[in-house]
Amino acid sequence: MDFVLKEEHGFRYIDEGEGEVLLLLHGLMGGLSNWEVVIEEFSKSYRVILPMLPVYDLPVLTTGVKTLAKFVHKFIKYKKLRNVTLLGNSLGGHVALIYTLAHPILVKAMVLTGSSGLYENAFGGSFPRRENYQFVKEKTEYTFYDPATATTELIDEVYKLVNDRHSVIRLLAMAKSAIRHNMKKDLSKMHLPVLLIWGRNDKITPPEVAEEFNQLLPHAELHWIDKCGHAPMMEHPQEFNRLLKGFLDKIKA
């Protein structure tokens, strides 16, 4: 399915369907492709919006998770959104947490999958060596349980990214910001419904991270997907959508 990428007021975003708002937040190297199946399914009964986060467009000194959360707030204010359900993968989950802490009145519920905010092991503990395609390929495959999920197109995108000096400086700054900004002490303050969908074989934010989120968030429920890595909505989209639908039906009721 082809989605229209709208551009206005300095924002680039997908806006599909009508109804209650699901706002999708992508990860450090994510984007539209990570959420395609979710958008396709849920835009039939919800308004599904995905803003493209300016991960690589910020000044180096302000590149960080808090700045992304401020960007999301500007976008939500511009679109006059309320009662939003935030869905975040990896860095996007971290941004959702920071945003919800700052603006709880605007957020109805949250869905986190492979979220940073407590711990992450990006790129398996080592940053990709530039100009080494095989190394980048292996580290991209590390994200998933099934290496075949890392398509040639996805590997090429990551390879291009890590070989662009402008982007790679911001990538490192954003990754360091995510590690510094630990949310452990803040999670008990979030009293909204939270769905945790986690890959049982996630090596970047391992299962114990999901368990800690589940313990610290007052109204969380945790669901596992077997044979699944860091991006369940990409690797097992049908199962991800099934769990998401169950949660949305519950909070709607």
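This text follows the structure it describes.
Residues numbered from 1 in each chain as written. Predicted model: local features only at pLDDT ≥ 70, side-chain atom pairs only at ≥ 80, totals over all residues. Heavy atoms only, no water.

Colleague: Outline the side chain of asparagine 34, listing residues and values.
Modeller: Inspection of the secondary structure puts asparagine 34 in helix 1 (residues 32–42). The residues contacting asparagine 34, other than those within four sequence positions of it, are Asn89, Met233 and Met234. (Helix = DSSP H or I, 4+ residues; strand = E, 2+ residues; numbered from the N terminus. Contact = heavy atoms within 4.5 Å.)

Colleague: Provide a residue-level description of the layout of surface pockets, including the pertinent values.
Modeller: Taken as a whole, the largest pocket spans an internal volume of roughly 900 Å³. Lining the largest pocket are 34 residues, and of these Met29, Gly30, Gly31, Met52 and Glu157 sit closest to its centre. Secondary-structure elements contributing two or more residues to the lining of the largest pocket are strand 2 (11–16), helix 1, helix 5 (152–162) and helix 8 (232–235). Across the lining of the largest pocket, the residue classes tally to 18 nonpolar, nine polar and seven charged. (1 Å grid on protein atoms, 1.4 Å probe; cavity = no way out; pocket = protein on both sides within 12 Å on 5 of 7 lines; lining within 4 Å. Points joined across faces, edges and corners; volume = space filled by probe spheres on them. Nonpolar A, V, L, I, M, F, W, Y, C, P; charged D, E, K, R; others polar.)

Colleague: Now, about helix 1: what can you tell me, with residues and values included?
Modeller: Taken together, the buried positions of helix 1 are Asn34, Trp35, Val38, Ile39 and Phe42. All buried residues of helix 1 project into a common sector of 105° when viewed along the axis, lining one side. (Buried < 20%, exposed > 50% of the residue type's maximum accessible area, 1.4 Å probe, protein only. Arc of directions from axis to C-beta.)

Colleague: Describe in detail the pairing of strand 3 (residues 21–25), supporting the description with residues and values.
Modeller: Here strand 3 lies mainly inside the structure; five of its five residues are buried. Residues of strand 3 alternate between two faces, with Val21, Leu23 and Leu25 on one and Leu22 and Leu24 on the opposite face, all of them buried. Across three bridges, the pairing between strand 3 and strand 4 (residues 47–51) is parallel. Residue pairing across strands places valine 21 opposite arginine 47, the latter belonging to strand 4. Across four bridges, the pairing between strand 3 and strand 5 (residues 84–89) is parallel. (Pairing = 2+ DSSP bridges.)

Colleague: For the pairing of strand 6 (residues 107–113), give the residues involved together with the corresponding values.
Modeller: The buried fraction of strand 6 amounts to seven of the seven residues, a majority that puts the element mostly inside the structure. Both strand 6 and strand 7 (residues 194–199) contribute to a ladder of three bridges, which runs parallel. Opposite valine 111, over in strand 7, you have leucine 195 as the bridge partner.

Colleague: Which residues make up the nonpolar core, and what values go with them?
Modeller: In this structure, Leu23, Leu86, Leu91, Met110, Leu112 and Phe213 are the most contacted members of the largest nonpolar core, which totals 49 residues. In terms of residue count, helix 2 (residues 65–78) provides more of this core than any other element does, seven residues in total. Residues contacting leucine 23, with those up to four places away along its chain left out, are Ile49, Pro51, Val72, Phe75, Ile76, Leu81, Val84, Thr85, Leu86 and Leu87. With 30 residues, the next largest nonpolar core counts Phe3, Ile39, Ala109 and Phe144 among its residues. (Core = buried A, V, L, I, M, F, W, Y, C linked by side-chain atoms within 4.5 Å.)

In short, geometric facts, not functional conclusions.
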